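In case you want the letters, here they are:
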Amino acid sequence: VAHMLSLGSIGSWAIDGTSIRTEVVLAHYAEDVSWVSQYAGKANLDVTIYSKSDKIPKIAGAVTLPLANFGRESHTFLHHIVFNYDNLADWTVFSQATAPTWGYMIGDSSNGHMNDKVNFDDYVRPFPEGRDSFFVMNAATQFPKAAQLNRLGIVVQGLPDEGPEMCPKQGADGWTDWWFDANHPHLRRGDMLEFYHKYVALSDNDRKPLTLAFAQGGRFAVSRSRIRARPRSYYTKMLVALSRKVNPQEGFWMEAVWWDIFHPEALQSKIPLCQLPVLGETLTRGPYADAGIRDAIRGRAPNVAAISSDGSHQGPDRQLRGRGH
């Protein structure tokens, strides 16, 4: 059945004349959340800030709730789902509390993790083109190697084919080269494949390599029915696992598995989500963009300028960011 989605001002959407309730859920620690005031207090748009800080922020029109400091942002998202499972909004946006600005530079807490030509309204707008979830995949990882790559749109601005699509329009050419960092959080301890099969896929661990495209920074939007594709008990089991430590290893892995959590019929262990470059034996040493990667990106996008690791521009009007997460 086709539904008519009417778009008005932020928070005024309706399907077949029935108002859609949207909720923005922010995982806060010490970030400046003043940016979210533009969404707070709108009709049919709730803003809930879960804060793990000693200084609870106050935003007019938003609800701020204290939360014990466990499990990184994934603990916050799971807490919201478990304790609101019977009263979820029609459309929920989950996000870290950092202002949603373009790009990511490792070690800089002000990074917004946004892909080029994507803005926060793209997440808040419910059911885009009839879809029941909205993800912009801007990173991918392969286990057990923990090799990484990034979407060009999160490291370069101004590419003509970038936008709010889930995967790059250019297919495999829309990504950086695969890179590896022995100090990456994915490698610190534990067994990601065991975690994935035990908590996410609910399957036997076949030890086969697993490649996951994901939304770096933990930002995505899903419908109530998409969340309820899994029972509350599924999320409760994960929440317990994330509630044992302030900074658990599982918290880093969770960033890479949200698509598979909400889409049990389309697990990436069975169905590749995005077309990615072939992962060979030779990996670039990451996570910052060295000369070899800059040259590779220029080869795919002539005249795109870069920012070197010392922050100096190498071109007139477009820029490239360091990579990592």
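Within each chain, residues carry numbers counting from 1 in the order of the written sequence. Given that the model is predicted, a residue must reach a pLDDT of at least 70 before its local features are reported, and side-chain atom pairs must reach 80 or more before they are shown or counted; all residues, however, enter totals for whole chains, interfaces and linings. For the side-chain quantities, the full set of heavy atoms in the structure was used; hydrogens and water were omitted.

Regarding the overall build of the protein
Piece 1. Strands here mean DSSP runs of E at least two residues long; helices mean DSSP runs of H or I at least four residues long; both are numbered from the N terminus. Regarding its fold elements, the protein presents nine helices and 14 strands.
Piece 2. In the protein, which comprises 325 residues, the proportion classed as buried is 54%.
Piece 3. The contact criterion used throughout is that any non-hydrogen atoms of two residues lie within 4.5 Å. If you take every contact in the protein between residues at least 6 apart in sequence, the share linking residues at least 24 apart comes to 70%.
Piece 4. We get accessible surface area from the Shrake-Rupley algorithm with a probe of 1.4 Å; when it comes to residues, only the shown protein chains can shield them. If you sum the accessible surface of the protein, you get close to 14100 Å²; carbon and sulfur atoms cover 50% of it. Relative accessibility under 20% of the residue-type maximum defines a buried residue, over 50% an exposed one, and the middle range a partly exposed one, all with a 1.4 Å probe and only protein chains included.

Things to note about empty space enclosed by the protein
Piece 1. Definitions used for this entry: grid spacing 1 Å over protein atoms alone; cavity, a set of points where a 1.4 Å probe fits but cannot get out; pocket, an open set with protein on both sides within 12 Å along at least 5 of 7 lines; lining residue, one with an atom within 4 Å of a point. Grid points are joined across faces, edges and corners, and a volume is the space filled by probe spheres set on the points. All chains considered together, the criterion is met by one cavity of 30 Å³ or more.
Piece 2. F135, M137, A213, F214, A215, F220, E255, A256, W258 and W259 together form the lining of the largest cavity.
Piece 3. Here the term charged refers only to Asp, Glu, Lys and Arg, the term nonpolar to Ala, Val, Leu, Ile, Met, Phe, Trp, Tyr, Cys and Pro, and the term polar to all other amino acids, Gly among them. Here the lining of the largest cavity is composed, by residue class, of nine nonpolar, no polar and one charged.

Remarks on helix α1 (residues 72–83)
Piece 1. Helix span, as expected, comes to 1.5 Å for every residue beyond the first. A rise of 1.5 Å per residue sets the reference length of α1, with its 12 residues, at 16 Å; its end C-alpha atoms lie 17 Å apart and thus fit the reference within 8%.
Piece 2. Among the 12 residues of α1, 10 are classified as buried, and the element is accordingly described as predominantly covered.
Piece 3. If you check which residues of α1 are buried, you get E73, S74, H75, T76, F77, L78, H79, H80, I81 and V82.

Concerning the packing of aromatic side chains
Piece 1. In summary, the pairing rule links any two rings of Phe, Tyr or Trp, Trp by its six-membered ring, whose centres are within 6.5 Å, and it sorts them by plane angle into stacked for under 30 degrees, edge-to-face for over 60 and tilted for everything else. The final tally for this structure, using the stated rule, is 19 aromatic pairs.
Piece 2. Geometrically, the ring pair formed by F135 and W259 is edge-to-face, given 5.4 Å between the ring centres and 80° between the ring planes. In this pair, F135 is assigned in the loop between β8 (133–134) and β9 (139–143) and W259 in helix α8 (residues 258–262), connecting sequence segments 124 residues apart. Across the pair, exposure class does not vary: F135 and W259 are buried alike.
Piece 3. Members of the aromatic cluster, connected to one another through ring pairs, are F77, Y85, F94, F135, F220, Y234, Y235, W258, W259 and F262.
Piece 4. R72 extends its terminal NZ or CZ atom over the ring of F252, reaching a point 4.1 Å from the ring centre.
Piece 5. The criterion for a charge sitting over a ring is simple: Lys NZ or Arg CZ within 6 Å of the ring centre, and within 35 degrees of the ring normal. We note R228 situated over the ring of Y85; from NZ or CZ to the ring centre the distance is 5.7 Å.

Here's the deal with the nonpolar core
Piece 1. The biggest cluster of nonpolar side chains holds 55 residues, and the ones touching the most others in it are F135, Y196, Y235, M254, W258, I261 and F262.
Piece 2. Per element, the largest residue contribution to this core is seven residues, and it comes from helix α4 (residues 192–201).
Piece 3. Other than its neighbours up to four places away in sequence, Y196 contacts A201, L202, L210, L212, V257, D260, L267, Q268 and S269.
Piece 4. Working definition of a nonpolar core: buried Ala, Val, Leu, Ile, Met, Phe, Trp, Tyr and Cys residues. They are joined through side-chain atoms within 4.5 Å. One finds L26, V47, V118 and A221 within the second-largest nonpolar core, a separate group that totals 25 residues.

Side note on the side chain of D116
Piece 1. Topologically, D116 is positioned in the loop between β7 (91–96) and α2 (120–124).
Piece 2. Within the buried core, D116 has no salt-bridge partner, and the shortest N-O distance to an opposite charge, that of K117, equals 5.0 Å.
Piece 3. Here D116 is in contact with W102, G153, V156, Q157, G158, L159, E162 and G163, once residues within four sequence places are set aside. Asp and Glu count as negative and Lys and Arg as positive, but His and the ends of the chain are not part of the count. Here a salt bridge means any side-chain nitrogen of Lys or Arg lying within 4 Å of a carboxyl oxygen belonging to Asp or Glu.

Quick word on the packing of α1 against helix α6 (residues 232–242)
In a packed pair of helices, the relevant descriptors are the angle between the two axes and the axis-to-axis distance.
Piece 1. Under this scheme, a helix contributes an axis fitted over its contacting stretch, all axes are lines through C-alpha atoms, and angles between N-to-C directions fall in the 0 to 180 degree range. Viewed as axis vectors pointing N to C, α1 and α6 meet at an angle of 145°, and their least axial separation amounts to 9 Å. In the packing of α1 onto α6, the handedness of the crossing is left-handed. On α6, the residues that touch S74, H75, L78, H79, I81, V82 and F83 of α1 are R232, Y235, T236, M238, L239 and L242. Left-handed describes a crossing whose near helix is turned anticlockwise from the far helix through less than a right angle; right-handed describes the clockwise counterpart.

Regarding the pairing of β9
Piece 1. Counting buried residues along β9, five of its five residues qualify, which places the element largely inside the surrounding structure.
Piece 2. Residues of β9 alternate between two faces, with A139, T141 and F143 on one and A140 and Q142 on the opposite face, all of them buried.
Piece 3. Two strands pair if DSSP finds at least two bridges between them. Strand direction decides the pairing type here: β9 and strand β10 (residues 147–150), joined by four bridges, are antiparallel. Pairing of A140 across the sheet is with L149, part of β10.
Piece 4. Hairpin connection of β9 to β10: three residues between the antiparallel strands, including A146 at a positive phi of 60°.
Piece 5. Bridge analysis of β9 against strand β12 (residues 210–214) gives five bridges, and the strand direction is antiparallel. Its bridge partner lying in β12, A140 is registered against A213.

Some remarks on the environment of I81
Piece 1. Mapped onto the elements, I81 comes out in helix α1.
Piece 2. Note on I81: relative accessible area 0%, which makes it buried.
Piece 3. Expressed as a C-alpha distance, the spacing of I81 and T236, which sit 155 residues apart in the sequence, is 8.8 Å.
Piece 4. Excluding residues within four positions of it along the chain, I81 makes contact with L88, F94, I227, Y235 and F262.

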